[in-house]
Amino acid sequence: MFHFAFLKEINYGIADFFAWTFQILPPIGFLMNIVLSLVVIGLLTYWTLRLNAFGNKRDKREYDYRQPHNFMDEYRKHHAHDTHHHTH
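Residues numbered from 1 in each chain as written. Predicted model: local features only at pLDDT ≥ 70, side-chain atom pairs only at ≥ 80, totals over all residues. Heavy atoms only, no water.

Caption draft 1: Quick look at the overall build of the protein. Looking only at helices and strands, one finds three helices and zero strands in the protein. Mapped from its N terminus to its C terminus, the protein presents α and β elements in the order α-α-α. Counting only residues that meet the buried cut, the protein has 1% of its 88 residues in that class. In the form shown here, the protein has an accessible surface area of approximately 9,100 Å², with 67% of it arising from carbon and sulfur atoms. (Helix = DSSP H or I, 4+ residues; strand = E, 2+ residues; numbered from the N terminus. Buried < 20%, exposed > 50% of the residue type's maximum accessible area, 1.4 Å probe, protein only. Areas by Shrake-Rupley, 256 points an atom, 1.4 Å probe, with all protein chains shown as cover.)

Caption draft 2: Main features of the confidence of the model for the protein. For the protein, the mean per-residue pLDDT works out to 78, and 69% of the residues sit at or above 70. At the low end of the mean pLDDT range in the protein sits helix H3 (residues 71-78), at 74; at the high end sits helix H2 (residues 25-55), at 88. (pLDDT = per-residue confidence, 0-100.)

Caption draft 3: View of the packing of aromatic side chains. Taken as a whole and assessed by the stated rule, the structure comprises three aromatic pairs. Plain terms: the ring middles of Phe17 and Trp20 are 6.2 Å apart, the flat faces sit at 40° to each other, and that makes the pair tilted. Here Phe17 and its partner Trp20 are both found in helix H1 (residues 5-21), three residues apart, which amounts to about one turn of the helix. Judged by relative accessible area, which is 48%, Phe17 ranks as partly exposed. An aromatic cluster of at least three residues, connected via ring pairs, comprises Phe17, Phe18, Trp20 and Phe22. (Phe/Tyr/Trp six-rings, centres within 6.5 Å; stacked < 30°, edge-to-face > 60°.)

Set out below in structure tokens:
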């Protein structure tokens, strides 16, 4: 029969090691909150500026998708040359 006390000692050793290493987290916790907050704010600012740069280019489409319109009219205009019909 295998003795599981050895495995218990290994698990307790690992647990003690993690408990010891996590003791350094509270002192650096507040600093890490500030660092991560600044990183997130910086990335969001960068992303917003990039999106703004994309929006400033001249729109080369025939019509502006942001304006309300009937999509079926545009579909019929672009597919008016299609003369084949699907029959069963």
